[in-house]
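Geometric and topological summary
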Amino acid sequence: MANIEKIKCLIIGSGPAGYTAAIYASRANLSPVLYQGEQPGGQLTTTNEVENFPGYPEGVMGSELMIHLEQQAKRFGTDIRNGWITKVDFSALPHKVWVEDKEIHADAVIIATGASAKYLGLPSEQHYLKTGGGVSACAVCDGFFYRNQHVAIVGAGDSACEEALYLANICANVTMLVRRDEFRASQIMKERVLKNEKIKVLFNTETEEIIGDGQVVTAIKVRNNKTNESTEIPITGFFVAIGHKPNTDVFKAYIDTDEVGYIKNVPGTSLTNVKGVFVAGDAADTRYRQAITAAGSGCMAALDAEKYLMTLE
Ligand SMILES: Cc1cc2nc3c(=O)[nH]c(=O)nc-3n(C[C@H](O)[C@H](O)[C@H](O)COP(=O)(O)OP(=O)(O)OC[C@H]3O[C@@H](n4cnc5c(N)ncnc54)[C@H](O)[C@@H]3O)c2cc1C
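Only a predicted model underlies this, so the values are computations on that prediction, with no experimental measurement involved.

Once that is clear, we can look at the site of the ligand. In the vicinity of the ligand, 31 residues are found, and the nearest of them are S14, Q36, Q39, N52 and A291. Q43 is positioned such that a nitrogen or oxygen atom in its side chain is 2.8 Å from an oxygen atom of the ligand. Here a nitrogen atom of the ligand and a backbone polar atom of I85 are 2.9 Å apart. Calculation on the ligand without its partners gives an accessible area of 1,000 Å², and the protein chains cover 96% of this total. Mapped onto the shell around the ligand, the elements with two or more residues apiece are α1 (16-27) and α7 (291-312). Residues that form the shell around the ligand fall into these classes: 12 nonpolar, 16 polar and 3 charged.

So this is what it looks like as structure tokens:
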């Protein structure tokens, strides 16, 4: 037989969900193997300071937090490997997973592959995202850094409205940029946004450029797509709320997802529609998408996997 490895518990992904699952699974003697994927440490390695993860009263750099979680998983014996899952076959037990041409047979699989925020793709947006100087895709994560300041948010759906309202509570004012002449959000969310005195909505408005001094954002240039008129708006924070893409394409032939690609779990658990396959973190989270909720669901997935594995013995 070709290069087949048999393992008890496979964890796919090295964000807070994957590493927390690994800590619990290794302490439960499940000998977990964890594949890190192309982004070891996950999304938090793309940000600077994290101030809302419990246990760090002074805050912590995102990459440092992820090194701590990795070290904790290693301490209990998790086998942490580089590699990207390219194919799966969950049609029969054991579950089959391929890391390029290596075939793995796993009794239990925990999917913790996260989700990626969508951005506009403007070079200036990507520049200030990298400098950490004023572009963010998460109001709950970064809004506090802009308290009493002027910010803008782009998006038109329910999440964008929720994030605009969240920012309005913290910031001096919020300019909301909507590309079309109407929101995509539900009536109630639209009304809340339009009624909020700190939010100014600009319809038919597209972002042309994020302006700054090379390190931090100072303004945005926007264009009205009806009149073609361009204006500059002074801001210090630019929030993008145009959706996320869950990293779940590779599982879709076997695992039930919603229309966006979020994995469907049995409410209150990490169970998917396939026995022995569990999900944790942003890959199944349409609502919270926070490091602490990802970590919490990683714990749930490891406990669910442990219970499941006991039934196989
Ligand atoms: C810029 C930014 C700032 C943020 N700030 C905060 C904050 O301050 N506080 C907070 O609580 N949250 C914050 N978040 C949100 C937080 O990062 C996420 O909620 C959290 O990382 C989700 O964890 P996860 O483990 O589900 O997935 P992720 O962190 O997304 O990790 C997914 C992992 O899966 C791997 N993977 C994906 N596909 C495959 C595959 N096919 N094979 C193998 N591996 C694969 C990736 O390599 C990665 O390691 C921020 C997010 C961003 C983008």
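So that's the structure; there's more coming.
Looking now at unusual backbone geometry. The omega torsion across L93 and P94 is -5°, close enough to zero to call that bond cis. Topologically, P94 is positioned in the loop between β6 (85-89) and β7 (95-99). Despite not being glycine, S31 has its phi angle at roughly 45°, a positive value. By the element assignment, S31 lies in the loop between α1 and β2 (33-35).

The positions UniProt marks with the feature "domain: FAD/NAD(P)-binding" (unreviewed entry) are residues 8-298. Taken end to end, residues 8-298 has its terminal C-alpha atoms 17 Å apart, with 23% of it in helix and 29% in strand.

Here strand β8 (residues 102-111) lies mainly inside the structure; 8 of its 10 residues are buried. One ladder, built from 8 bridges, connects strand β1 (residues 4-12) with β8; its direction is parallel. Looking at β8, one finds that I7 is bridged to A106. Of the strand pairs in this sheet, β7 and β8 are connected by 5 bridges, and their pairing is antiparallel. By the bridge assignment for β8, V97 is matched with I104. In this antiparallel pair of consecutive strands, β7 and β8, the connection spans 2 residues, and E100 shows a positive phi of 50°.

This brings us to the packing of helix α5 (residues 158-168) against helix α6 (residues 187-195). At a minimum axis separation of 9 Å, α5 and α6 run at an interaxial angle of 30°. When the axis of α5 is compared with that of α6, the two are roughly parallel. Read as a crossing pair, α5 and α6 show a hand that is left-handed. On the side of α5, the interface is formed by D158, C161, E162 and L165, while α6 contributes M189, R192 and V193. Per-class residue counts for the contact of α5 with α6 are 4 nonpolar, no polar and 3 charged.

Conventions used here
- Residues numbered from 1 in each chain as written.
- Predicted model: local features only at pLDDT ≥ 70, side-chain atom pairs only at ≥ 80, totals over all residues.
- Heavy atoms only, no water.
- Near = heavy atom within 4 Å.
- Polar contact = N/O pair within 3.5 Å; in protein donor to acceptor, adjacent residues only side chain to side chain.
- Areas by Shrake-Rupley, 256 points an atom, 1.4 Å probe, with all protein chains shown as cover.
- Helix = DSSP H or I, 4+ residues; strand = E, 2+ residues; numbered from the N terminus.
- Nonpolar A, V, L, I, M, F, W, Y, C, P; charged D, E, K, R; others polar.
- UniProt positions renumbered as here; feature names shortened; annotations may be inferred.
- Buried < 20%, exposed > 50% of the residue type's maximum accessible area, 1.4 Å probe, protein only.
- Pairing = 2+ DSSP bridges.
- Axes fitted to C-alpha atoms, helices over the stretch in contact; angles between N-to-C directions.
- Parallel < 35°, antiparallel > 145°, perpendicular 65-115°, else oblique.
- Left-handed = near helix turned anticlockwise from the far one by under 90°.
- Contact = heavy atoms within 4.5 Å.

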